[in-house]
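Structural overview for review
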Amino acid sequence: EAITQPRGPHLLLLIDEFNVLLDAEQKGDLSPIVFANLRSVMSKRRDLNWLLIVQDTHFQNPASWGSAAPLFQQSRPLHLLHLDPHWANKLILEPAQRAGMLYEEALPAAIMALTNGNPYLIQVLCHELLHRVIKLHRVNITADDLKHVVNLFTSEKDGSRIFHHFVHYLKPVEKIIL
């Protein structure tokens, strides 16, 4: 209903990586009053739209919500789906083009196949590719670069760093299955 009723411009306040705040509270590095204050501001400012970006591993685990539980209980989840090929290709190509980098012709399709359009995986994979090429003082991203980065993702050291937030909140039996 709010979308179909034009009421003029609206301000959208987006808090990305909200799970970092949840983790900080859990470690004792953030006062629980922060979430109570945020909830108060959100309640008083109904004229503002709020978008809290939280990883599924946190959102689907109410035990990790801590003092933010009232925020999540009154929210409407909006799940980020995998991107269709058009938008996935834009996410793959445009950041590289802005950085002056070029992919070998077959690489965008290979990245799409590897990630199945998952925006997080595309972003992390392409970031690592660009980082590698910059470090090697090149502008062309090759199949060898992709192979190297995929090997990093599956290595114990880098794989656990990249996917830590997925694995951290899994139950022990889910970790064994993975």
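Preceding block: the structure.
Residues numbered from 1 in each chain as written. Predicted model: local features only at pLDDT ≥ 70, side-chain atom pairs only at ≥ 80, totals over all residues. Heavy atoms only, no water.

Moving on, we get to the overall build of the protein chain. When you go through the protein chain residue by residue, the secondary structure sums to eleven helices and four strands. Taking all 178 residues of the protein chain together, 30% fall into the buried category. (Helix = DSSP H or I, 4+ residues; strand = E, 2+ residues; numbered from the N terminus. Buried < 20%, exposed > 50% of the residue type's maximum accessible area, 1.4 Å probe, protein only.)

Membership of the largest hydrophobic core comes to 19 residues, with the highest contact counts inside it found for Ile 92, Tyr 103, Ile 111, Leu 125, Leu 129 and Ile 141. Counting only elements with at least two residues in this core, the list comes to α5 (85-98), α6 (107-115), α7 (119-135) and α8 (143-154). Apart from residues no more than four positions distant in its own chain, Ile 92 is found in contact with Tyr 103, Pro 108, Ile 111, Met 112, Ile 122 and Cys 126. Core analysis: the second largest hydrophobic core is formed by 14 residues, Phe 35, Phe 59, Ala 69 and Leu 71 among them. (Core = buried A, V, L, I, M, F, W, Y, C linked by side-chain atoms within 4.5 Å. Contact = heavy atoms within 4.5 Å.)

What follows deals with α5. Note: α-helices contain 3.6 residues per turn, so residues at a spacing of three or four share the same orientation. Between the first and last C-alpha of α5 there are 20 Å, a value that for 14 residues agrees with the 20 Å anticipated at 1.5 Å per step. Within the span of α5, buried status applies to Ala 88, Ile 92 and Ala 96. If you follow the buried residues of α5, they end up packed against β3 (102-103), α6, α7 and β4 (140-141). Where α5 begins, one side-chain oxygen reaches toward the backbone nitrogen of His 86, 3.0 Å away; that side chain belongs to Asp 84. Phi turns positive one or two residues past the end of α5, at Gly 100, with a value near 80°. (Expected span 1.5 Å × (residues − 1). Polar contact = N/O pair within 3.5 Å; in protein donor to acceptor, adjacent residues only side chain to side chain.)

Across all of its chains, the model carries four salt bridges by this definition. Glu 94 serves as the salt-bridge partner of Lys 90, at 2.5 Å between the closest nitrogen and oxygen. You can see Lys 90 and its partner Glu 94 sitting in helix α5, four residues apart, about one turn around the helix. Residue classification places Lys 90 among the partly exposed positions, given a relative accessible area of 28%. Since its relative accessible area comes to 29%, Glu 94 is described here as partly exposed. (Salt bridge = Lys/Arg side-chain N within 4 Å of Asp/Glu carboxyl O.)

At a minimum axis separation of 10 Å, α5 and α7 run at an interaxial angle of 25°. Considered as vectors, α5 and α7 are oriented roughly parallel to each other. Crossing of α5 against α7: the hand is right-handed. Across the interface between the two elements, Ala 88, Leu 91, Ile 92, Pro 95 and Ala 96 of α5 pack against Pro 119, Ile 122, Cys 126 and Leu 130 of α7. Here the contact of α5 with α7 is built from residues that sort into nine nonpolar, no polar and no charged. (Axes fitted to C-alpha atoms, helices over the stretch in contact; angles between N-to-C directions. Parallel < 35°, antiparallel > 145°, perpendicular 65-115°, else oblique. Left-handed = near helix turned anticlockwise from the far one by under 90°. Nonpolar A, V, L, I, M, F, W, Y, C, P; charged D, E, K, R; others polar.)

A word on a nonpolar patch on the surface. Residues Leu 12, Leu 14 and Ile 53 make up a contiguous nonpolar surface patch of roughly 250 Å² in combined accessible area. Secondary-structure assignment places Leu 12 in strand β1 (residues 11-15). (Patch = residues over 30% accessible without salt bridge, like charges linked within 9 Å, V, L, I, M, F, W, Y side chains within 5 Å. Areas by Shrake-Rupley, 256 points an atom, 1.4 Å probe, with all protein chains shown as cover.)

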